[in-house]
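# Summary of structural features
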Amino acid sequence: MKIDLSGPLYDALKKATAEYASLIEKNDLPGATKKAAEIARFYHELANMNPVNKKEYLERAAKWERVSSGKIRSKQKPSQSPHTETEKEEENEMSQKASSLIKTSNVKWSDIGGLDSVKKLMMETVVIAGLQKPESIKPWKGILLFGPPGTGKTLLAAAAAGSLHATFYDVKSESVLSKYFGESSKLISALYNSARDHSPSIVFIDEFDALSQSRDGETSEATRKVLSSLLTELDGLSDKKSDQLLLTLAATNTPWDLDTAVLSRFPRRIYVPLPDQKACKEIIKIQTKGMDISGVSLESISEKCAEMLYSGRDISNFCQQAIWTMIHRVNPDLYKMAELSFDELKMRNLQTIPLADDDFREAFMKIRSPITKNKIEQYEQWNDECGEV
Ligand SMILES: Nc1ncnc2c1ncn2[C@@H]1O[C@H](COP(=O)(O)OP(=O)(O)OP(=O)(O)O)[C@@H](O)[C@H]1O
Ligand SMILES: [Mg+2]
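## Some points on the overall build of the protein
If you tally the helices and strands in the protein, you get 18 helices and five strands. By residue count, 35% of the 389 residues in the protein fall in the buried class. A separation of at least 24 residues holds for 81% of the contacts in the protein among residues at least 6 apart in sequence.

Here is the structure:
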């Protein structure tokens, strides 16, 4: 789920719009006409890069083309101050940036092994928002997913984007704080305005700790501003209607870095732990989809995965390792095919055979979990103190 924020282009557009306003102020009509044509070109480029907002960008491009051809110059030579026009442009730009964060994905719930209760909770939250219900029953506004790296937190969000009937905003903390977002806190308001307009909505903030480690004074002014706008939005004074779903889903693997002001806005804090033996088994099946594993001792292999403290990500690497061992076994001369052209390669099939216990045994030697028992205790302790009961 990569996010393209078209940052440099937005910056150039913003600059050109400000220049246009100042040319109008100086009564430099030829200059302003040229600038309007340039702005129209920027909007065309944005339309090409951004299918979600294509229509809106094309309309704006057409408007600026009319300005540049002199057709609505009288309107664009505003009697109101150009400053107001610039502010409006800025607001539009922010709201377009916010809508560019709307994402879909093709991940399904069935692509996730284990984690049944978390999946259920996310489904229930969306369902309850839609149902007719007494006024006092309100959907959850904030869910925090925390746990060791690679346990499926981002995957859960991707499944929510792929399966739930809700508009899904995919926000990586670091992209909100990126250099293109001098005005990140305005983006947060635009994001939540857009999410309210497109309700039911889920705002997913991945790597949340990057944003919220902040209020200890060590972080930048920008980060602090973003965080405080986020806290205001999470209080959600403007979404009083209980049938409107605006769920903020945040993920982190360092929950202890979150300050209490942030935590209190996430009443549901869900531990996404390392998979147990049953979940390991499910993940192995998912990660070897399309391969024959009927001859493999799945019980004992999954038991060992759990003992080795493998995360879902480790199991994915582990299965890939086993698959490669099998591939090398059956196709020892695979590398020699590098002489063939890509088109010739496409006409041939890779030889595969059922996976065997030996393939996995070798994989156990190569994949080490980066997680220690001490680290798990730290998560469990935090869960006992601050997580769900
Ligand atoms: N429960 C799971 N079921 C199936 N595959 C999983 C599971 N957990 C992890 N994986 C595999 O590991 C990969 C990484 O998982 P994911 O990105 O969701 O971890 P994460 O919890 O977000 O980690 P981090 O804290 O490092 O961001 C997934 O793309 C998937 O291939
Ligand atoms: Mg993640």
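Text resumes after the structure shown.
## Some remarks on the packing of helix 13 (residues 277-287) against helix 14 (residues 298-307)
It is at 8 Å that the axes of helix 13 and helix 14 come closest, and there the two elements cross at 115°. With respect to helix 14, the element helix 13 is oriented roughly perpendicular. Read as a crossing pair, helix 13 and helix 14 show a hand that is right-handed. Two secondary-structure elements touch here, helix 13 through Gln277, Cys280, Lys281 and Ile284 and helix 14 through Leu298, Ile301, Ser302, Glu303, Cys305 and Ala306. Its residues placed into classes, the contact of helix 13 with helix 14 shows six nonpolar, two polar and two charged.

## Comments concerning the sheet that holds strand 4 (residues 246-252)
Sheet strands line up and pair through hydrogen bonds in the backbone, either parallel or antiparallel. Spatial strand order, 2-3-4-1-5: five strands in an open sheet with parallel pairing. Whereas interior strands pair on both sides, the edge strands pair on one side only; in this sheet they are strand 2 (167-172) and strand 5 (268-271). If you compare each strand with its neighbour and ignore which way they point, the axes differ by 20° on average. Looking at chain direction, strand 3 (residues 201-206) and strand 4 are connected through five bridges and run parallel. Within strand 4, the position partnered with phenylalanine 204 by the bridge is leucine 249.

## Thoughts on the site of ligand 1
Near ligand 1 lie 18 residues; those nearest to it are Pro149, Gly152, Thr154, Leu155 and Gly312. Put simply, the parts of the chain that give the shell around ligand 1 at least two residues each are helix 7 (153-163), helix 13 and helix 15 (312-330). Of the residues in the shell around ligand 1, the class split is seven nonpolar, nine polar and two charged. In this structure, the shell around ligand 1 is formed jointly by two domains, domain 2 (109-274) and domain 3 (277-370), each of which donates at least three residues.

Definitions and limits used
- Residues numbered from 1 in each chain as written.
- Chains lettered and ligands numbered in written order.
- Predicted model: local features only at pLDDT ≥ 70, side-chain atom pairs only at ≥ 80, totals over all residues.
- Helix = DSSP H or I, 4+ residues; strand = E, 2+ residues; numbered from the N terminus.
- Buried ≥ 20, exposed ≤ 12 C-beta atoms within 10 Å, placed from the backbone.
- Contact = placed C-beta atoms within 7 Å.
- Axes fitted to C-alpha atoms, helices over the stretch in contact; angles between N-to-C directions.
- Parallel < 35°, antiparallel > 145°, perpendicular 65-115°, else oblique.
- Left-handed = near helix turned anticlockwise from the far one by under 90°.
- Nonpolar A, V, L, I, M, F, W, Y, C, P; charged D, E, K, R; others polar.
- Pairing = 2+ DSSP bridges.
- Near = placed C-beta within 6 Å.
- Domains from an automatic or database assignment.

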